[in-house]
Amino acid sequence: MEENLDDDDNNMEGIAQGIEETPEEVMVNEEIWLLEQKPTLPETIPPQVELKPLSPNLKYAFLGPDSTFPVIINASLTEMETQKLIKELRAHRKVIGYTIDNIKGISPSICMRKILLEEGYKNSIEHQRRLNPNLKEVVKKEVLKLLDVEIIYPISDSEWVSPVHVVPKRGGMMVIKNESNDLIPTRTVTGWRMCIDYRKINKETRKDHFPLPFIDEMLERLAKHSYFCYLDGYSEKIMEVFMDDFSVYGNDFDSCLLNLSKVLQRCEDVNLVLNWEKCHFMVKEGIILGHKISERGIEVDKAKIETIEKLPLPHNNSALMMTAMRHLRNQECSYLSPHNSSSRLGTPIRNHV
């Protein structure tokens, strides 16, 4: 009996030696092995995060002792609802990331992106553009941070080299006075963001015609629900996804919590980590793609209206026309659906000039 088993083992070994892996398979296996060997920080070490001021309808809750591992939740939840939500979030704490070290990476065996280039493409090696000393320091810190957590790795040569840019991170909209004492809308700068200029390689990349959902249809499906969880498309029965933002919803607290549990479990299964600062749990309203979504339906973001109201009046009809058209295009046209009669209520802009 033992001899037969030994013979089978020898046969299997011979078959295995006769199978040669392709370079792509070798690369995938190496990346899977590196992910498995990558050290992770102990979960017991609380992250050092900044608790920024929140709007009145939000508050901080904590998944760990001594006010550690914060999350942002609805401020009007009852004590019982808060306890249910915190219990569910603690069960999936691995999904919520506080630092870049928490990013584990999705295994290439689940999903792996390959850039397909057009036939006859021309590779591009671009030189780095000049940066002032302050922006150089921003790039240096970002590169070292990505190297430290092994999101990127050094390479000696490449057919493609793209330059680095630094752009400002924009905050909320404010109306300030310029040098001529005129009121102008301005978005505040909250920091700097490092970007890579991939325009050359994008030009040679084979186009991927992946259909994104229509924003107005997605907003209509989200509206009229009582509870939302905004986490950081295609449509499902319990959530809406647009690019990297997805919203879980429900008609009541318990159904929304159940849907949230399913989504968090799926994120945990594939090592998808969510940015804790951009996740709002069990809120009753929120801003989605520039629109206010709640149980009441789709509404205009009042912050944008206040900004427009503070603008100075234009001095001629041409400027008034441009201001009115810009206002209609950005704020009102999104709410005119062909399925209702609201479009008949409008009058031509020229009647008001």
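The structure under discussion appears in the preceding block.
K.L.:
Can you help me understand the side chain of Glu-126 in this one?
P.N.:
Following the sequence through the fold, Glu-126 ends up in the loop between β3 (96-97) and α4 (133-148). Given a relative accessible area of 15%, Glu-126 falls into the buried group. When neighbours within four sequence positions are excluded, Glu-126 is seen to be in contact with Val-161, Pro-163, Asp-197 and Lys-200.

K.L.:
In this structure, what is going on with the environment of Gly-290? I would like to understand it.
P.N.:
Here Gly-290 lies in the loop between β11 (285-288) and β12 (291-294). In the structure, Gly-290 is positioned 14 residues away from Lys-304 in sequence and 9.1 Å away in space, judged by C-alpha atoms. Among residues more than four places away in sequence, those in contact with Gly-290 are Asp-301 and Lys-304.

K.L.:
Would you mind going over helix α6 (residues 215-222) with me for this structure?
P.N.:
Side chains three or four residues apart in an α-helix point the same way, a direct result of the helix having 3.6 residues per turn. Listed as buried for α6 are Met-218, Leu-219 and Leu-222. Along the axis of α6, the buried positions cluster into a sector of 100°, meaning they face one direction only. Those residues of α6 hidden inside the fold are in contact with β6 (227-231), β7 (239-242), β8 (245-250), β11, β12 and β13 (297-299). Directly beyond the C-terminal end of α6, a positive phi value near 75° is found at Lys-224.

K.L.:
Sorry, what's going on with the sheet that holds β12 here?
P.N.:
Hydrogen bonds between backbone atoms are what pair the strands of a sheet, whose relative direction is either parallel or antiparallel. The antiparallel open sheet is built from three strands, whose spatial order is β11-β12-β13. Only two strands of the sheet have a single partner each, and these edge strands are β11 and β13. Strand after strand, the sheet turns through a mean of 30° between neighbouring axes, direction not considered. Two strands pair when backbone bridges link them, and β12 and β13 are joined in this way by three bridges, in the antiparallel orientation.

K.L.:
Could you clarify how one ought to interpret the nonpolar core in this entry?
P.N.:
One recurring pattern in soluble globular proteins is that nonpolar side chains are buried together. In this structure, Val-71, Leu-85, Leu-89, Leu-231, Leu-260, Phe-281 and Met-282 are the most contacted members of the largest nonpolar core, which totals 44 residues. The leading source of residues in this core is helix α7 (residues 253-269), at seven residues. Each residue touching Met-282, except ones within four places of it in the same chain, is listed here: Asn-74, Leu-77, Leu-85, Tyr-227, Phe-228, Cys-229, Phe-253, Cys-256 and Leu-257.

K.L.:
Help me understand the packing of aromatic side chains, please; the structure alone is not making it clear to me.
P.N.:
Aromatic ring pairs are reported here in terms of the distance separating the ring centres and the angle at which the planes meet. Applying the stated criterion to the full structure yields five aromatic pairs. Measuring from centroid to centroid gives 5.7 Å for Tyr-98 and Trp-276, while their planes differ by 35°, and the two rings are tilted. For the pair Tyr-227 and Phe-253, a centre-to-centre distance of 5.8 Å together with 80° between the ring planes defines the contact as edge-to-face. Judged by its relative accessible area of 6%, Phe-253 falls in the buried class. One aromatic cluster is present, formed by Tyr-60, Phe-69, Tyr-98 and Trp-276 through successive ring pairs.

K.L.:
I'm lost on the pairing of β8 in this one. Help?
P.N.:
Across a regular strand the side chains alternate sides, sitting on one face of the sheet and then on the other. Burial within β8 is extensive, with five of its six residues counted as buried. Bridging between β7 and β8 involves four bridges; their strand directions are antiparallel. Bridge pairing in β8 links Glu-240 to Ser-247. The loop that links β7 with its antiparallel partner β8 comprises two residues; one of these, Met-243, has a positive phi angle of about 60°.

K.L.:
Sorry if this is basic, but what is going on with the environment of Leu-116 here?
P.N.:
Summarising the element assignment, Leu-116 is placed in the loop between β3 and α4. By relative accessible area, Leu-116 is classed as partly exposed at 40%. Taking the C-alpha atoms as reference, Leu-116 lies 8.8 Å from Glu-204; in sequence the two are 88 residues apart. Setting aside its immediate chain neighbours within four residues, Leu-116 contacts Thr-205 and Arg-206.

K.L.:
What should I look at first to understand the pattern of salt bridges in this one?
P.N.:
Side chains bearing opposite charge may pair, as long as their charged atoms lie close to each other. Considering all chains together, one arrives at 10 salt bridges under this definition. Asp-254 serves as the salt-bridge partner of Lys-84, at 3.5 Å between the closest nitrogen and oxygen. Among the ionic pairs, Glu-299 bridges to Arg-296, the shortest N-O distance being 3.1 Å. The exposure class of Arg-296 is exposed, given its relative accessible area of 52%. One continuous salt-bridge network, built from bridges that share partners, spans Glu-285, Lys-292, Arg-296 and Glu-299.

Parameters and conventions
Residues numbered from 1 in each chain as written. Predicted model: local features only at pLDDT ≥ 70, side-chain atom pairs only at ≥ 80, totals over all residues. Heavy atoms only, no water. Helix = DSSP H or I, 4+ residues; strand = E, 2+ residues; numbered from the N terminus. Buried < 20%, exposed > 50% of the residue type's maximum accessible area, 1.4 Å probe, protein only. Contact = heavy atoms within 4.5 Å. Arc of directions from axis to C-beta. Pairing = 2+ DSSP bridges. Axes fitted to C-alpha atoms, helices over the stretch in contact; angles between N-to-C directions. Core = buried A, V, L, I, M, F, W, Y, C linked by side-chain atoms within 4.5 Å. Phe/Tyr/Trp six-rings, centres within 6.5 Å; stacked < 30°, edge-to-face > 60°. Salt bridge = Lys/Arg side-chain N within 4 Å of Asp/Glu carboxyl O.

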